[in-house]
Every structure is written in structure tokens, then in C-alpha cells.
Amino acid sequence: MSIDRSAQKQPPVAIIGVAGIFAESHNAREYWANIVSKANCIREVPHSRWAVEDYYDPDPRARDKVYCKRGGFIPEIAFDPAAFGIPPNQLEVTDTSQLLGLVVARDLLVDAGYGEECGGRPFDRKRTGVVLGVAGGQKLITPLTARLQYPIWERVLRSHGIPEDAVTEIVDGIKLAYPEWNENAFPGLLGNVIAGRIANRFDLGGLNSVIDAACASSLSALKMAVSLLTEGSADMMITGGVDTDNSPFTFMCFSKTPAFSPGDVPRPFDAGADGMMVGEGIGMVLLKRLEDAERDGDRVYAVIRGIGASSDGRFKSIYAPRPDGQALATRRAYEQADISPLSVKLLEAHGTGTKAGDPAEFSGLVQAFGSADGTGQTIALGSVKSQIGHTKAAAGVAGLMKATLALHHKLLPPTNNVEKPNPKLEIDKTPFYINTESRPWIQHEGEGPRRAGVSAFGFGGTNFHVVLEEYRSDHDGPYRLHPVAQPILLHASTTGELLAQCRQASEALRSSEGGEAYKSRAAASKALVVPSTDARLGFVAASVEEAAALLDQAMGMFQAQPDAEVWEHPRGIWYRQSGFDWEGHLVALFPGQGAQYLGMGSDLAGNFPPMRELIGRMDELFCGEGARSLSSVLYPPPAFDEATLQVQETALVATDYAQAAIGVISAGMYSLLAQAGFQPSFTAGHSFGELSALWAGGMLSDVDFLSLVKARGKAMRPPVRSESNHEADSTTSKSQEDFDAGAMAAVQGLREGIEDVIGPFEGVVVANDNSNSQAVIAGPTPAVRAASEALKSKGYRATMLPVSAAFHTSSVSHASEPFSEAVARVEFHEARANVYSNTTGMPYPDDPEAAKELLAGHILKPVLFRTQIEAIYAAGGRIFVEFGPRRITTGLVEDILSGRPFAAIALNPSRTKSSDRQFREAVVQLRVLGVPLGDVDPYEVVD
């Protein structure tokens, strides 16, 4: 999707590098990974900072005490003074912010690929500057100032009769607790020298400066940096914010305001929000004019479209937030960007979690964005402060980095600690919703580019809002920065040698170089080709610790079952003494309606562009007809009550959405595996899944597949009786009070005898002959319910299915004509695999017209799934792989083929586990079986 920026009022500015250190994050990649995983980075004050017992008292009114002892603290960072040209004897009187600012600036240049000293390209240093947000004094000021209090100490000691020689000794002892004043102390405590050191070390000739706008400092700095670029005074700018001060002084400031959460939990926009938590952090971004970035081949994370700024003017107090002032800054940002605020789908708020701040901010947002305009709640609202605390001068850039990386990754990131939105906000009447889960950000071409807004406000009534836009609609190569579970695959000529390998690998993972051992083992596993006669073992692990623990489990299995040819550990470890003969035996299976569930494939869609692209294309078909997008039904905003959740689940049960959702998720999974070399000899689907099987078998193009999926779901919606003449209208969706489209029930028990039981119930038939012990009955809803009770009385187990009609019966005859017309419009191609039919249990005919006729009649004919699986097995099918949600078809295969040699693997067997992890585990299972597959994940950026 191309993005037209010709009408912009402000020349577009590209973010070409990101770097930072925040709570529990050594770098920007860890920061983003913590955001995506919803990590809680709030900790008790480390002893390396200050002694809690010296200052803490739970009573907020206790004099000279703080009532909070938790916050966001940056981890220990290795610093080599020689690498930055700083004599070691200067470190004691050089503020931490200056030192770590150099580290982050270096990381920033490395990330963007610039600077020979950073292993990058040369750049025009004379036209590169640095401007940073830095609030108040640096924390070195406190101990240096404290040392100057020695005359007071002396007077107090003397007034208490302490001998003069003892006074001198005591005062000298107290002085040892503080750094000594020398020629380096003055520059070492200055905030502006944070930028100055960066300019000095990296030989930058552009402006170097810092800006203090309190908690909006970093966005104020950003505005200056963007202005310098757009006016032509600089060609590249380092900007962001720095705040490493979580000292007792900072805790005292916010304790006596008072602003801290008594419960030590930041809850932005939550009903229980009662205060903020403070955090340490440094964040920087590297900026260029977009045209220059494109000319120079830079990676562009996001594009800055506009920045609005305002002051609150005269108000009730100097630090009280003013909605009108915040709204003014926001409106100015969108006016400068020349876009509608409602085109934004993500808003990273200031969101401190305070009782006064959040309602004021939300009021300002509603002023700027307006109320819901009929499109519903479409803008995900959140705040990274819920995870890392309020990083003060770096708060704006923390939010900017979060939104930038969200645009880059096409993910809507979560906000923590929101259990129920503050009812006073009346958020359901606005365009906003609180996003509490990481969700794929689906956008089709007709919607334009993805956009995000970022706010930051500061004491003194200073307000900023930034409008960001994605640079490209999606990626075709490595881009993803957050880690995923990695495959670990080992093999050896004998089981004994394999066990020895497990021991060696376990020792390596537990060594001081365990992290590197994990990375190298995972990298080697992705390209590993295992000889068919070798013993092999595989699993996936998300960390070095998990990999080591799983190897221990594997070694325990070897000891417990030393002679086993095959075993599987419940924690997800697979072993075989040799490979399975896979060639010519692969079967791709696709589930039908009823397998769907809210959020299915969410992690896969978040991590794999082809999945997002397929869902976006289906969105376009729905939106083109004026309907809700599929993605808004499949991935709705988080529900905070059961009633809302029930409405969302009901929406996905609707035939058109259920079938479209299953179709794109199944096809997306298949595309990912096919990209890695998966080539089945057979394809088959269950009910609706037959369309997916035809597409996977090469008989339908992508375009025709999506159009038929949409057409089938639309045709099978229950018709509604007209209010005026009671004639059927198949284009309108309404409740079954007007028209009974029938129901379906799954029946567990021996297949034989079911028809005898249901015979007396008019219209009830066996619609699906699924397996040896399962069938599905269908027909008029009351009759199906009654038949189900009769079956239960005979010892069968009958369960009503979450479907909107009695499929594969005359109850859906209204769909026959429109679906047949849709089938007639598409083109059938020569199959590249044997596609088996539900209707005949045999392969589709080669003749295109005969194939069309078979498909057109499919919706009215019973599903003979048991027959077709038996036929596939007779033709050589042995390894059955289910593409789609849950493990419905593979479960049926296990029942049908029980006692015979085969393998059945579902790519997404559980609705409660990560679809991404389950997919990777299934790939490992296939590779342990012996199926040759390449790297399934070409989108991960590897260190």
C-alpha cells in the first residue's frame, strides 16, 4: 500500500533509530518485548539505590518520610569509561544520566547503522545535533549539595558539647558518604552536559541542548528537533528524554504532593486508579527528513506527521491539569498533520493513573476527538506507565517509542492493571477503548495507513501531542524485534549418543555463556537436516532457562523409557528413534464452522505479515458491502464484563463471520507452512473447510478463494421474513424468531443406531458422518433438541453446537442458488494435490465444470468425513496436519484410524494457549517425524 503525503502541511520526518534503557530493559528490544508480554516492571526499591527502612513510612503524613517504596528501576548497565573517553577518576562526580546518555546515544547510532565507531556508515556530523528533555537538577546535585552542609553539622555537634577534635573527625567521616567537590564536579552535575557529552563524544556540530518541560520534556525536545530538520538547520537529530533519578528526593517530592498510589499499582483510566508510580528511563530516537531517509536507504520505523503544543494559561493552580489546554495541543497536532483525529487507531496517553490527571486528560481527548460518530469504539487507549512507572522527563519518549514500535510491528500493545474502566469517563460513549491485550493491528488498503497519537503533559501547564504514521503497510523480510519461542532439535545415530548430546547441551545452557549457547543452538536447529535413520528429539523454548529445564525432562524420559521407539512428554518434547516415511503421505486438513473462537490466531497474526494480509483482504470485502470488518469481530476490544463478552462471542457465531474467520486463519497457517516447504499429496476439509482444501490443493486462486468464502457465508445467513409480506429476504440478518434456520448437535457414541433413534423426529437427519463414534445431527431447532434428549436417554452424549443453521440439510436451501452463482463466477485450476470431497468421499474431478457442480451442491449434502479419510488412507495418506483453530479434524482422524499406523498433528489444538507457540511446536513435531521443513519464520531480526 503506497502512502500519499503530498498534502501534508509539515514535511514528514522519519524515525530511523530507537534506543533506550527503562525498567527491566537493557535496550529498546527488551523494552518492546516487555510491552508486548505485559511484563510488570515495578519493583521494590533496590538496596543499590537507597535503604527503604531509612525513609519509608506507610503514613503519607509522616514528616520527612515517603509512603511509597516501589517503582520502575533501570537494570545494571555495563559502562566502560575508556570506550567513551572518560577518565575513571571522573566517574564519581559525573551524573549517571550523562554516562548512560552516552550508552543510549551509541546504541541509537548502531540501531540506525551510522557512525564508523559504531560499525556503521559515515554521516555529516556537522549537520547533526542533539536535543534532549531533562527535568530539574540531576541526582548528583543532592549529594554534592549535602556535602556543603558541613558547617551546620559542626555547629550542631558543638552545641551538644562534642569536643572540637571529635567534631572534626565526625564531620570528616560524614563527608566520606558524599562525592568530593573538584574541577569535574560542576560539569558532572549539569543537565545540559548530558547532550553536550553526546555531541562531544560523537563529534556532532549541530545544536546541542536540553529542554525542561517537566514530564513533557522529551516531547518538547522532539518538537525542537523536528523544527530544526524542517527548517533546514540540521540534517539529522538525536532527541528524546533522560531521567535516572529515583532517589529519596524524587520519592519525597511525589509523596508530599501527594501523587503515589497507596496500593503501589499504577492503573491508568481504571475505576480503581489511585495514583502513580515513578520510574527511571532514558529513551532516544534518531530523526531525518523522510525524503533524506529514503534517499539514504534508512530503515524507517515510523513517520512524524505533526506535533501540537500549548500552555494551560491562567488556571486554578500551577500543577493542576487543564483539559482545555491539553485539547488545544491535540487539535493543533492534527491540524498540522492535516488529518482527522478519528483516523488514529492507537493513542498512547500520558495516563499517570492519578485521580485528577486521568479524568482531565480523557476530557481533553473527548474535546479534541469528539464523541463516537457511529463507527463505535475504534481507538485503543493506553499508557506504558502501567508497566514501567512514570519516567518523568523521559515519559513522552517512552510513549513515543511504544507507539513507534507498535506501528512498525503492526501490533496494538497492551496496558496493564485495568480491571474496569473508570465509569466516570463514560468511555463507551467515546471513540476510545482501553486495550489490555496485545492484538494484531489489521488495516486494509481502503482505510489508509495506520496512525497513532502520543501525549505528554507537565507541571506548569505545558502540553504536547504527536501524530505518528506507519511508513509501510507491512514487511516482507526481517523486522520483528520481540523474541519468540525458538526450536531446539537434536539428533544422533543412536539413542545413547542423543542422550549424551542432551547432557552436553544442558551443561552449555547452564554455563556463564548459556544465553549464547541457546541462540546458537536455536539458529542451528532452524536449518538442521536430520538423516532419516537418526534418533531425534525436539521442543521449543522461550528462554535459556526453559530450554535447560526441558532437556532435563527429556533425559528423565530416556531413563524411564530406555527402549522406547517413540515418546512424547506432556510439556512438549517429542522423540523418535528414526524418521517416519513422509514422502507422498502428507495430508492437509481444514476444519469447518464451529471451530471458531474469539482471538484465534491472534499471536500468529501479530507476528506474521501473511496472516495480517489475508485478514485485511477479507476485511476489505466486508467493508466494501458496508458491514463490520472481520478483524473487528475476530479481535474485538477487550471485554470487561460477561455481557459484553457474550455479545462478542455471538457476533463470531454468525455464519458469514465464522466461516470467513476460519477460512483466513486456516489459509494463513497453511501459507506459513507452505513457505517453509510443506507440500501435501492430499487435502481435505470438513464442511466449510472444503473451500480451504480446494484452495490449498491449487484448484482456487487466492482471489477466488476469498470471494467464495465471503459468498458462502453470506448465502448461508438465515433468511428473514419481511415485515410487510413475509417473503424471505436472504440479504438481511435477523434473529431466528422470524426464521428457524435449524440447529446441529454433536453425538458421541457408536455411529450405528443413531438413525434409528432420530427417525421419529421430523426433519432431523445425520448431516455429518464424522468418525466411528461421532456424528452430527441437524434439522429444525426444536426437533434437534428433542432428538438430542432421546439420544441421551439411549446412552449417547449429545451437545448442541454453536452454529447459526442446520448446515448440509434442506434448512439451508435458501443458500443454494446464490452460492451456485458465486461458484459459477470463479475459475477452477488443475489441482496440485488430490483434493477429496465431503460429498463423495473421493477426489474432485479434473473437469472444471464437474468440480463446480460438486462444490455448488456441497452445502445441501451430508458430510461423509469418515468415508473420505478412509479413502485418503487407502491412497497412502499417513501424516494428517490440521490447519485452523482447535483439533477437530485430527481428533476425528484419530478415531477413524485407531489401531493403524499414522500421525495426526494440529497446528492450534488449544484455544487457551498462544497460537504462535503452538504453531512452532507443531513444526517441531513434523520435523521430528521427518518432514523436511525450512525456517518458518523469516520475519525475526536476529542479533
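Below is a summary of the structure that appears in this document. As the structure is a computational prediction, the values presented were derived from the model and not from experiment.

### A look at the nonpolar core
Membership of the largest hydrophobic core comes to 89 residues, with the highest contact counts inside it found for Leu-673 and Phe-883. Ignoring sequence-local partners within four residues, the contact set of Phe-883 consists of Ala-588, Leu-589, Phe-590, Pro-591, Ser-666, Met-669, Tyr-670, Leu-673, Phe-678 and Leu-907. The next biggest cluster of nonpolar side chains, apart from the first, holds 55 residues, and it includes Ile-35, Ala-302, Leu-346 and Leu-412.

### Things to note about the environment of Ser-363
Among the secondary structure elements, Ser-363 is positioned in helix α13 (residues 357-369). Looking at Ser-363, the relative accessible area reads 32%, which means it is partly exposed. As for Ser-363 and Tyr-670, which are separated by 307 residues in sequence, their C-alpha atoms are 46 Å apart.

### Observations concerning the side chain of Thr-250
In this structure, Thr-250 sits in helix α10 (residues 248-255). What makes Thr-250 buried here is its relative accessible area of 7%. Ignoring any residue separated from it by four or fewer positions in sequence, one finds Thr-250 in contact with Asp-245, Val-278 and Lys-392.

### Concerning empty space enclosed by the protein
Under the counting rule described, the total for this entry stands at three cavities of 30 Å³ or more. Empty space within the largest cavity amounts to approximately 130 Å³. The wall of the largest cavity is formed by 14 residues, among which Pro-487, Lys-526, Val-923, Asp-935 and Val-936 lie closest to the centre. Tallying contributions element by element places helix α32 (residues 915-929) first for the lining of the largest cavity, with four residues.

### Section: the environment of Phe-539
Looking at the element boundaries, Phe-539 is found in strand β17 (residues 535-541). A residue is classified by how much of its surface remains accessible, and Phe-539, at 0% relative accessible area, is buried. Between the C-alpha atom of Phe-539 and that of Ala-639, which follows or precedes it by 100 residues, the distance is 34 Å. Dropping the residues within four chain positions of it, Phe-539 is found in contact with Gln-486, Pro-487, Ile-488, Ala-547, Leu-550, Leu-551, Gly-572, Ile-573, Trp-574 and Val-924.

### Here we look at the packing of aromatic side chains
A complete count under the given rule lists 29 aromatic pairs for this structure. Ring centres of Phe-73 and Phe-251 lie 6.5 Å apart, and the angle between their planes is 10 degrees; this geometry places the pair in the stacked category. Of this pair, Phe-73 sits in the loop between β3 (70-72) and α3 (96-112) while Phe-251 sits in helix α10, and the two are 178 residues apart along the sequence. Relative accessible area serves as the criterion here: at 0%, Phe-251 is assigned to the buried category. Taking 6.2 Å as the distance between ring centres and 90 degrees as the angle between the ring planes, the aromatic pair formed by Tyr-670 and Phe-678 counts as edge-to-face. We note that Tyr-670, like Phe-678, is buried.

### Examining the pairing of strand β25 (residues 765-771)
Extensive coverage of β25 is indicated by the burial of six of its seven residues. Note that β25 and strand β26 (residues 774-779) share five bridges and pair antiparallel. Bridging across to β26, Asp-769 finds its partner in Ala-775. Connecting β25 to the antiparallel partner β26 that follows it, the hairpin turn spans two residues.

Criteria and cut-off values
Residues numbered from 1 in each chain as written. Predicted model: local features only at pLDDT ≥ 70, side-chain atom pairs only at ≥ 80, totals over all residues. Heavy atoms only, no water. Core = buried A, V, L, I, M, F, W, Y, C linked by side-chain atoms within 4.5 Å. Buried < 20%, exposed > 50% of the residue type's maximum accessible area, 1.4 Å probe, protein only. Contact = heavy atoms within 4.5 Å. Helix = DSSP H or I, 4+ residues; strand = E, 2+ residues; numbered from the N terminus. 1 Å grid on protein atoms, 1.4 Å probe; cavity = no way out; pocket = protein on both sides within 12 Å on 5 of 7 lines; lining within 4 Å. Points joined across faces, edges and corners; volume = space filled by probe spheres on them. Phe/Tyr/Trp six-rings, centres within 6.5 Å; stacked < 30°, edge-to-face > 60°. Pairing = 2+ DSSP bridges.

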